[in-house]
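Fold and contact review
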Amino acid sequence: MSGLLAGKRLLVTGVITDASIAFSVAKLAQENGAQVVLTGFGRMSLVERIAKRLPEAAPVIELDVTNEEHLAGLADKVREHVDGLDGVVHSIGFAPQSCLGGGFLSAPWEDVATALHVSTYSYKSLAMAALPLMGPGGAVVGLTFDATKAWPVYDWMGVAKAGLESASRYLALHLGPKGIRSNLVSAGPLRTMAAKSIPGFEQFEDAWADRAPLGWELTDQEPAARACLALLSDWFPATTGEIVHVDGGYHALGA
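What counts as what
- Residues numbered from 1 in each chain as written.
- Predicted model: local features only at pLDDT ≥ 70, side-chain atom pairs only at ≥ 80, totals over all residues.
- Heavy atoms only, no water.
- UniProt positions renumbered as here; feature names shortened; annotations may be inferred.
- Salt bridge = Lys/Arg side-chain N within 4 Å of Asp/Glu carboxyl O.
- Helix = DSSP H or I, 4+ residues; strand = E, 2+ residues; numbered from the N terminus.
- Pairing = 2+ DSSP bridges.
- Axes fitted to C-alpha atoms, helices over the stretch in contact; angles between N-to-C directions.
- Contact = heavy atoms within 4.5 Å.
- Buried < 20%, exposed > 50% of the residue type's maximum accessible area, 1.4 Å probe, protein only.
- Arc of directions from axis to C-beta.
- Phe/Tyr/Trp six-rings, centres within 6.5 Å; stacked < 30°, edge-to-face > 60°.

You'll find the protein chain entered in an unreviewed UniProt entry as Enoyl-[acyl-carrier-protein] reductase [NADH], with Polymorphospora rubra given as the organism. UniProt lists a comment for the protein chain under the heading Catalytic activity (unreviewed entry), and it reads "a 2,3-saturated acyl-[ACP] + NAD(+) = a (2E)-enoyl-[ACP] + NADH + H(+)". Here the protein chain is described in UniProt, under the heading Pathway (unreviewed entry), as follows: "Lipid metabolism."

Applying the stated criterion to the full structure yields eight salt bridges. One salt bridge connects Asp 234 with Lys 8, and the closest N-O pair in it is separated by 2.7 Å. With a gap of 226 residues between them, Asp 234 in the loop between α8 (222-232) and β7 (243-246) and Lys 8 in the segment before β1 (9-12) connect regions that are remote in the sequence. Asp 83 is paired through a salt bridge with Arg 9; the nearest N and O atoms lie 2.6 Å apart. In this pair, Asp 83 is assigned in the loop between α3 (68-79) and β4 (87-90) and Arg 9 in strand β1, connecting sequence segments 74 residues apart.

Glancing now at the sheet that holds strand β6 (residues 181-187). Taken together, the seven strands give an open sheet; going across it, the order is β3-β2-β1-β4-β5-β6-β7, and neighbouring strands pair in parallel fashion. If you trace the sheet from one side to the other, it starts and ends with β3 (60-62) and β7, each paired once. When the angles between neighbouring strand axes are averaged without regard to direction, this sheet yields 20 degrees. Bridge analysis of β1 against β4 gives three bridges, and the strand direction is parallel. Bridge assignment links Val 12 to a residue of β4, and that residue is Val 89. The sheet strands contacting α3 are β1 and β3, and the helix crosses β3 at an angle near 155 degrees.

The next point concerns helix α7 (residues 202-211). Here α7 has its buried residues at Phe 204, Glu 205 and Trp 208. Buried residues of α7, viewed axially, fall in a sector of 100 degrees; they line one side.

Quick look at the packing of aromatic side chains now. A complete count under the given rule lists seven aromatic pairs for this structure. Ring geometry for Phe 145 against Trp 208: centres 5.6 Å apart, planes inclined by 45 degrees, an arrangement best described as tilted. Of this pair, Phe 145 sits in the loop between β5 (139-144) and α5 (155-175) while Trp 208 sits in helix α7; the two residues are 63 residues apart in sequence, bridging distant segments of the chain. Relative to Trp 208, the ring of Trp 151 has its centre 5.4 Å away and its plane inclined at 40 degrees; by these criteria the two rings are tilted. Placement of the pair is Trp 151 in the loop between β5 and α5 and Trp 208 in helix α7, with a sequence separation of 57 residues. Judged by its relative accessible area of 14%, Trp 151 is buried. Through a chain of ring-to-ring contacts, the aromatic side chains of Phe 145, Trp 151, Tyr 154, Trp 208 and Tyr 250 assemble into a single cluster.

Structural data, given as structure tokens:
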């Protein structure tokens, strides 16, 4: 077996369609020698169908990251397919419609709490659920969208991503002594199912296409996926708590 991730065992969350960043991660990971296990929630038959489009059909485990029973049983379910994990990919985010599209001032706490639970707290929850399967050299990698700025229409999801970025740094602090890294990839806007659910998302698309120094392809998930693979590999053994921007350089520009 050869490739950047030869012999690695990965748990990849967030595959919904073959346009998902997570699908691209799983596909490239298999092509680079990894064994991949997927998780899905709510649309299991769809996820199972998409899993068959990978180079090698991957097993799918049902996982609701807000369900304590699912989290508690995750390690045992993963062990049915692989004997441990070298990496975990967190590609999970959700906010009720009230929290997006200009609803920042009016969104009720109950909806905000849902957004923070699913999009932020779940990063720690997933890592802890997978921890019994991981050892030194392991890596947790999540996906974010630049939370250093307030973006039109992103609203409470922007706050959730800011929390995710902070949570990754704290996870790096607390898992570092176990030899486990935590890093994020900050991708530019991509036309995924999640993006399509955000009212006014085309404002991001227009800005990136016009201003990113390297240009930006809205339907190409592979650059972000490649960054995830690099962080999951052994080529970043002393990097943790980091955010790698894969956005055509847009983040480096002034207003």
